[in-house]
Each structure stands twice: as C-alpha cells, then as structure tokens.
Amino acid sequence: MISGSALIVMMSDNKTKSTKPANKTPPKSPADPAKERAAKRLSYESNSSHEGAMAAELTALEESFKKFAIHGDTRATGKEMHGKNWSKLCKDCHVIDGKNVTITDVDIVFSKINVSLEVMPSRRHLLLRSIIWSCASLATYWGKSSRTITFDQFKEALQELSKKRFKDKSNEEAVQEIHKLIEGKAPIISGVTKTISSPTVSRLTDTSKFTGSHKERFDPSGKGRGKAGREDLVDASGYVPGYKHAGTYDHKVQGSK
C-alpha cells in the first residue's frame, strides 16, 4: 500500500519532469563527404590559381634576382641578396667588362645602396651622400651596417652601373641594356677542376718509366695489376717459370691422333 503523502510526492515529480522545455533544435543532417571533398578541391584550385597568377606577375629580372639571391644559402628567401651573390651576378651576367665596370665599381655601388641617410636634413643629406659616393673607403665603412639589398635597391644599383657600362646611350636605354644582360640568367656553377698538364706531372704518372717494384704493379698498357702486382703469388700450375706453352698439351695430343 502506498500512502497518500508518497502519491503526492510522485505526482509532483512527474509534473516537474513534464514542465522541462523540449529541445526544438532539429538534428544535424549527416554531412555529405562528396560535397566536402568538392568544396576543398575548389578552394585548393582557387588558391593555386592565385599563386600561379602571382608567379606569372614576376618579371624575368625578378626571377634572376631570386635565383642569385638564394644561391649557396639554403636559408635564403630570395627577397634579399648578399654582397657576395651581387658580385657573382655581375660577373656571370657580364655586367663587369673589365673596362667601364670593374669589381671595385660593383663593390662601391653595393656600399652606396646600403647607406641609409633618410633621417638627415635635406642639405646634410645631399652633402654627406656626395662625399660617401665619391669616397670608396668611406662608403664601405658606412655600408657595413647592412650586408644585403632588396629588389628595389637592386634596381637602383643597376641604374647606377648602367651609366658606366653604357656611356654612349641615354639613361633609359642604358638601364634597358643592363636589364637584358641579367634577365633569364641563373648562377653559373663551376665544373670539376681540370688536371694541370706539365712535364713534371707527366713524368711522375708515366708507368712505362717506373722501375723496381713499382714497375711490377702495372702491365705494359699502364693498367694496375692489383694484388698480383703487390704480392708474390705461388704458381701451382706445375709448369716451370717462364714456360710459354702452358695448357696446350691436350690440343697437341688430340691433333696428333
């Protein structure tokens, strides 16, 4: 038997449970894997096309700049170029002709581009800039603070060298000509060091002139004999040393029959 108080408590519990707000949020429909893959593919293609468009915007001069900027440095990003690579670019692309432009001119221009005088007043700026540009040692001293140049500074340096490299042309034509020397070029990788040919080296490497035990290490053609030329191998064939008809016995016996 259930008492009246117990029935009242059970009825109150049922009322509290029934008064809870029902969850009216509809259940999420299962995602379609095919649609997700298609959306990811479209986003990937759009990103790759954007990157391709950015790469297409790079000029031939910028591509050459990046190739030389990352040469010999695995950590380089291609946005800045070291002085060593700048000198190599001028050599490999024949900007240096030995007459109008020398390696000294290239170093001086690199130092000039590195000088930062933007914070100075205009008069002092012009005066000090002219002094630095006319004095190689002072330009090198001021340029020690920065060992790299950006692409914009690179173009400024080329413009400065074009005045010396192509003196008989206007400023615009000179810049175009010096750009043509660099566009589409890449660093030249030096090959294997060639063997120096000299009478002394030839005499020391001529096996036909070797004597003593060294002569036994090579055959008449100059090829090494290997172990036979370093050790005395025992001849267990049964023939006396110097016998020239070894192995011909069977042929002779069969021929006589």
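Let me sum up the structure you'll find in this document. Since the structure is predicted, the reported quantities are computational estimates derived from the model, not experimental observations.

### Quick word on the overall build of the protein chain
At step 1: The helix and strand tally for the protein chain stands at 11 helices and 2 strands.
At step 2: Per-residue burial for the protein chain yields a buried fraction of 20% across its 257 residues.
At step 3: Counting contacts in the protein chain only where the partners sit at least 6 residues apart, residues at least 24 apart contribute 57% of the total.
At step 4: A total accessible area of about 20200 Å² is found for the protein chain, and carbon and sulfur atoms account for 55% of it.

### Comments concerning the packing of helix α4 (residues 83–92) against helix α8 (residues 151–165)
At step 1: In the contact formed by α4 and α8, the axes pass within 13 Å of each other and the chain directions differ by 45 degrees. Compared by their axis directions, α4 and α8 come out oblique. As for the relative orientation of α4 and α8, their crossing is right-handed in sense. Contacts from W86, L89 and C90 in α4 reach F154, A157, L158 and L161 in α8.

### Some details on the packing of aromatic side chains
At step 1: For the structure on display, the rule yields 5 aromatic pairs.
At step 2: Relative to F154, the ring of F65 has its centre 5.0 Å away and its plane inclined at 50 degrees; by these criteria the two rings are tilted. With a gap of 89 residues between them, F65 in helix α3 (residues 60–69) and F154 in helix α8 connect regions that are remote in the sequence. This pair shows no difference in class: F65 is buried, exactly as F154 is.
At step 3: Relative to F218, the ring of F210 lies with its centre 5.6 Å away and its plane at 70 degrees, an arrangement referred to as edge-to-face.
At step 4: Positioned above the aromatic ring of F166 is the side chain of R165, whose terminal nitrogen or guanidinium carbon lies 5.0 Å from the ring centre.

### Side note on the nonpolar core
At step 1: By size, the foremost hydrophobic cluster in this structure holds 26 residues, and its most contacted members are M81, W86, L89, C90, F154, L161 and I182.
At step 2: Contributing elements (two or more residues each) for this core: α3, α4, α5 (103–114), α8 and α9 (171–182).
At step 3: It is α8 that provides the largest number of residues to this core, a total of 5 residues.
At step 4: Contacts of L161, omitting those with residues within four sequence positions, involve W86, C90, V95, V101, D105, V106, V109 and I178.

### What to know about α3
At step 1: Those residues of α3 not exposed but buried are L61, S64, F65, F68 and A69. Buried residues of α3, seen end-on, are gathered within an arc of 135 degrees and therefore sit on one face of the element.
At step 2: Against β1 (80–82), α4, β2 (148–150), α8 and α9 lie the buried residues of α3.

### A few points about α4
At step 1: α4 sits mainly inside the fold: 8 of its 10 residues count as buried.
At step 2: Taken together, the buried residues of α4 touch α3, β1, α5, β2, α8 and α9.
At step 3: Looking one or two places after α4, you find H94, whose phi comes out positive at around 60 degrees.

### With respect to the pattern of salt bridges
At step 1: According to the stated counting rule, one finds 8 salt bridges in the structure shown.
At step 2: Here D97 and R165 are joined by a salt bridge, their closest N and O atoms 3.8 Å apart. Residue D97 is located in the loop between α4 and α5, and its partner R165 is located in helix α8; the two are separated by 68 residues in the primary sequence.
At step 3: Between K164 and D105 there is a salt bridge, and its shortest N-O distance comes to 3.4 Å. Here the residue K164 occupies a position in helix α8, and D105 occupies one in helix α5, the gap between them amounting to 59 residues.
At step 4: A single network of salt bridges, built from pairs that share partners, joins K112, E160 and K163.

### Describing the environment of L181
At step 1: Along the chain, L181 falls in helix α9.
At step 2: Placed 120 residues apart in sequence, L181 and L61 show a C-alpha to C-alpha distance of 9.6 Å.

### As for a nonpolar patch on the surface
At step 1: A surface patch of nonpolar side chains, amounting to about 290 Å² of accessible area, comprises Y239, V240 and Y243.
At step 2: Within the fold, Y243 resides in the loop between α10 (199–205) and α11 (249–256).
At step 3: A relative accessible area of 39% places Y243 in the partly exposed class.

### A word on unusual backbone geometry
Apart from glycine, the bulk of residues carry a negative phi angle, and the bulk of peptide bonds sit in the trans form.
At step 1: Positive phi values are uncommon outside glycine, yet H94 reaches one of about 60 degrees.
At step 2: Turning to its location among the elements, H94 is positioned in the loop between α4 and α5.
At step 3: For H94, a relative accessible area of 53% gives the class exposed.

About the criteria used
Residues numbered from 1 in each chain as written. Predicted model: local features only at pLDDT ≥ 70, side-chain atom pairs only at ≥ 80, totals over all residues. Heavy atoms only, no water. Helix = DSSP H or I, 4+ residues; strand = E, 2+ residues; numbered from the N terminus. Buried < 20%, exposed > 50% of the residue type's maximum accessible area, 1.4 Å probe, protein only. Contact = heavy atoms within 4.5 Å. Areas by Shrake-Rupley, 256 points an atom, 1.4 Å probe, with all protein chains shown as cover. Axes fitted to C-alpha atoms, helices over the stretch in contact; angles between N-to-C directions. Parallel < 35°, antiparallel > 145°, perpendicular 65-115°, else oblique. Left-handed = near helix turned anticlockwise from the far one by under 90°. Phe/Tyr/Trp six-rings, centres within 6.5 Å; stacked < 30°, edge-to-face > 60°. Lys NZ or Arg CZ within 6 Å of the ring centre and 35° of its normal. Core = buried A, V, L, I, M, F, W, Y, C linked by side-chain atoms within 4.5 Å. Arc of directions from axis to C-beta. Salt bridge = Lys/Arg side-chain N within 4 Å of Asp/Glu carboxyl O. Patch = residues over 30% accessible without salt bridge, like charges linked within 9 Å, V, L, I, M, F, W, Y side chains within 5 Å.

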